[in-house]
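# Observations on the model geometry
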Amino acid sequence: MPASPTEEPLLVKAGAVIDGTDRPPLRNAWVLIQGGSIVSVGKPGSFPVPSQVAVLRAPGCTLLPGLIDAHVHLVASGIVGYTFLRPQPRGHEVFLRNLRAELLGGVTLVRDLHMSVSIAHRLEDALREDPASGARFIYAGPVLTVPGGYRTSFDAPIASAEEGRQWVEQLAREGAGVIKVAVTSRGLGRVGVSFVPIDADILQAIVDEAHRRGLPVAAHVAGATAADLREAVEAGVDSLEHMPGESGPLDPPDLFYSTSGLLPDILRKGITIVPTLSVVAGEDFGPTLPDLLDDPALLLKLSPDQREILRENRGDFARSPDRQAIASAGKQRMALYLEEVRRLHQAGVRLGAGSDAGSGMTFHGNLFTEIQYLHEGGLTPLEAIQAATRGNADLLRVSRLQGTVEPGKRADLLLVRGDPLRDLAALRRVEKVIIAGRIVDVRGLLKGAVRNERKKKRAAPSPP
């Protein structure tokens, strides 16, 4: 992916800076970057500038911390889910494209919660070779479960507390930055499917060993019962991923966090809830969202083959009354989830921004969709942005390095056209991304892709 090196000092002159803290936006702001780090932030002339400095002028743009997606799956691209039956292209090239797609969407760090360690190491090697080729990432490796428990493509069934500690030790040694454990005895979207629940002593051993090694624990609780949730909360996990409760394709969920009786404990322990609203929309009614499926940025984020599969999936949906009924019910479920987010926010629960990108109709680099849903659930635009920057940096334990625009932090930054505090849709209008000391001209890349697509269509033979 073309990127401009900025080994010399770089001065960004932005229309405004939203720094991710509680401070108001700084209008007509300068940010000085050197060696990949932020040196100074302030009004013009408020700090010394080297005589030899590159200047990036962005008068109509807002500069923000690079977004952080707390829940993604890099080994899938969001083209299909369990509701669609066409195959998902796989392979190293696809995984790299997903990392690039995140960066092109203004996301400079993701937390992958489901892939093999060997794939993670290959992706790390690729980023070392070209640090601006994609977003940085933190990975969990396989999902820790029990025999007969929640099943994924990459999981580790654990039969004892000691085995759980050994798995955490191994994953920490292999570079994992988070431990993911499945804490649910029911299958989300698969009514009547049950799993062997994880034993409390196994879960506690995993959490204790992870915390001893400085690793947070993310608990998959999609479909969870109140008893499942209680086990996760009592064990002291750091985040609860997805919404709990069982729900048939046409039915509302039978449990919410706010009806579980656990909110006081969740608040007391400072547990973050990552609701992943984007995937609720994607799986259930994504094909009805033209702003999602007709986004020109998909020219950059998906390969031609993937876009063709997406087109065919959309046709499958249009011909299926069952799928359309699910979409209608899904929109009603989303309304319930947005009300739940409002209750959680009003109660003071920490909310994380995670898209579950890679799942059905949930594309990499579309974290702005999750931010918009958090806003619709009662967060102010600034609070929703903070959830995806400073809040996620705290959750991922990287706040020393990023999450805010402050001196000493990494210069992983996002430039968007417009003011996202007045119109969150500005987050879709990515102008440039700065990462690892390089400027990625996203707008220029998108213009080129659109231009090439038009040329292809003009050159295509007319149908007989």
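The structure this text deals with has already been given above.
Computed from a predicted model, the values in this text were never measured in an experiment.

Here the structure, examined in full by the defined rule, presents 30 salt bridges. The salt bridge partner of D419 is R27, with a shortest N-O separation of 3.5 Å. Here R27 lies in strand β3 (residues 26-34) and D419 lies in the loop between β16 (413-417) and β17 (430-435), a separation of 392 residues in the sequence. Note that D291 and R428 form a salt bridge whose closest N and O atoms lie 3.5 Å from each other. Of the two residues, D291 sits in helix α8 (residues 290-293) while R428 sits in the loop between β16 and β17, which places them 137 residues apart along the sequence. For R428, a relative accessible area of 35% gives the class partly exposed.

We now examine the packing of aromatic side chains. Taken as a whole, this structure holds four aromatic pairs when the rule is applied. When the ring of W30 is compared with that of F47, the centres are 6.4 Å apart and the planes differ by 70 degrees; the resulting orientation is edge-to-face. Of this pair, W30 sits in strand β3 while F47 sits in the loop between β4 (37-42) and β5 (54-65), and the two are 17 residues apart along the sequence. The pair W30 / F47 is uniform in exposure class, with both members buried. The residue whose ring lies beneath R343 is F256, and the NZ or CZ to ring-centre distance is 5.6 Å.

As a further point, take the side chain of D238. Residue placement: D238 occurs in the loop between α5 (226-235) and β13 (239-241). The buried category is assigned to D238, whose relative accessible area is 18%. A distance of 2.7 Å separates a polar atom in the side chain of D238 from a polar atom in the side chain of H211. One polar contact links D238 to R397, side chain to side chain, over a distance of 3.3 Å. Residues in contact with D238, not counting those within four places in the same chain, are H211, L215, P216, V217, I271, T272, L395 and R397.

A word on the packing of helix α7 (residues 277-285) against helix α12 (residues 367-376). One can describe the packing of α7 onto α12 by two numbers: an axis separation of 8 Å at closest approach and a directional angle of 105 degrees. Relative to α12, α7 is oriented roughly perpendicular. Facing L277, S278, A281 and F285 of α7, the residues of α12 in contact are T369, E370, Y373 and L374. Its residues assigned to classes, the contact of α7 with α12 comprises five nonpolar, two polar and one charged.

The subject of this paragraph is the environment of L289. Mapped onto the secondary structure, L289 falls in the loop between α7 and α8. Residues L289 and I434, spaced 145 residues apart in sequence, show a C-alpha to C-alpha distance of 30 Å. Excluding its chain neighbours within four sequence positions, the residues that come into contact with L289 are A281 and Y373.

A separate point is the environment of G354. Within the secondary structure, G354 is located in the loop between β15 (350-351) and α12. Classification of G354 by relative accessible area gives buried; the value is 0%. In sequence terms G354 and K432 are 78 residues apart; their C-alpha atoms lie 22 Å from each other. Aside from chain neighbours lying at most four places away, what touches G354 is D69, A70, H71, V274, T276, L367 and E370.

Attention now goes to the side chain of S40. With respect to the helices, strands and loops of the structure, S40 is situated in strand β4. When sequence neighbours within four positions are dropped, the list of residues in contact with S40 reads W30, V31, L32, F47 and P407.

Attention now goes to the sheet that holds strand β8 (residues 136-139). The three strands lie next to each other as β6-β7-β8, forming an open sheet whose pairing is parallel. With partners counted over all chains shown, the strands left at the sheet margins are β6 (67-72) and β8, one partner each. Pairs of neighbouring strands in the sheet enclose a mean axial angle of 20 degrees, with direction left out of account. Against the sheet, helix α1 (residues 92-104) makes contact with β6, β7 (107-112) and β8, and its axis sits at roughly 135 degrees relative to β7, the strand it touches most.

A word on a positive patch on the surface. Among the surface-exposed residues, K447, R451, R454, K455, K457 and R458 lie close enough to one another that they form a single positively charged patch. Position of R454 relative to the elements: it lies in helix α14 (residues 442-459).

This part covers the nonpolar core. Membership of the largest hydrophobic core comes to 97 residues, with the highest contact counts inside it found for F137, L240, Y257 and I266. Setting aside residues no more than four positions away along its own chain, I266 makes contact with V233, L240, Y257, I271, I273 and V349.

The next point concerns unusual backbone geometry. Backbone geometry at H242 places phi at a positive 85 degrees, although glycine is not the residue there. Mapped onto the fold, H242 is located in the loop between β13 and α6 (263-269). For H242, a relative accessible area of 7% translates into the label buried. Its identity as a non-glycine residue notwithstanding, M361 has a phi of 55 degrees, on the positive side. Here M361 is to be found in the loop between β15 and α12. Residue classification places M361 among the buried residues on the basis of a relative accessible area of 1%.

Note that strand β2 (residues 10-17) and β5 share seven bridges and pair parallel. Counterpart to A16 in the pairing with β5 is T62. One ladder, built from five bridges, connects β5 with β16; its direction is antiparallel. Bridge pairing in β16 links L63 to L415.

Per the counting criterion, the structure on display carries one cavity of 30 Å³ or more. The calculated volume of the largest cavity comes to roughly 50 Å³. Lining the largest cavity are P65, G66, T108, Q402, G403, T404, K409, R410, D412 and L413. In the lining of the largest cavity, the residues fall into two nonpolar, five polar and three charged.

So, how was this worked out
- Residues numbered from 1 in each chain as written.
- Predicted model: local features only at pLDDT ≥ 70, side-chain atom pairs only at ≥ 80, totals over all residues.
- Heavy atoms only, no water.
- Salt bridge = Lys/Arg side-chain N within 4 Å of Asp/Glu carboxyl O.
- Helix = DSSP H or I, 4+ residues; strand = E, 2+ residues; numbered from the N terminus.
- Buried < 20%, exposed > 50% of the residue type's maximum accessible area, 1.4 Å probe, protein only.
- Phe/Tyr/Trp six-rings, centres within 6.5 Å; stacked < 30°, edge-to-face > 60°.
- Lys NZ or Arg CZ within 6 Å of the ring centre and 35° of its normal.
- Polar contact = N/O pair within 3.5 Å; in protein donor to acceptor, adjacent residues only side chain to side chain.
- Contact = heavy atoms within 4.5 Å.
- Axes fitted to C-alpha atoms, helices over the stretch in contact; angles between N-to-C directions.
- Parallel < 35°, antiparallel > 145°, perpendicular 65-115°, else oblique.
- Nonpolar A, V, L, I, M, F, W, Y, C, P; charged D, E, K, R; others polar.
- Pairing = 2+ DSSP bridges.
- Patch = residues over 30% accessible without salt bridge, like charges linked within 9 Å, V, L, I, M, F, W, Y side chains within 5 Å.
- Areas by Shrake-Rupley, 256 points an atom, 1.4 Å probe, with all protein chains shown as cover.
- Lys, Arg positive; Asp, Glu negative; His and termini not counted.
- Charge placed at Lys NZ, Arg CZ, Asp CG, Glu CD.
- Core = buried A, V, L, I, M, F, W, Y, C linked by side-chain atoms within 4.5 Å.
- 1 Å grid on protein atoms, 1.4 Å probe; cavity = no way out; pocket = protein on both sides within 12 Å on 5 of 7 lines; lining within 4 Å.
- Points joined across faces, edges and corners; volume = space filled by probe spheres on them.

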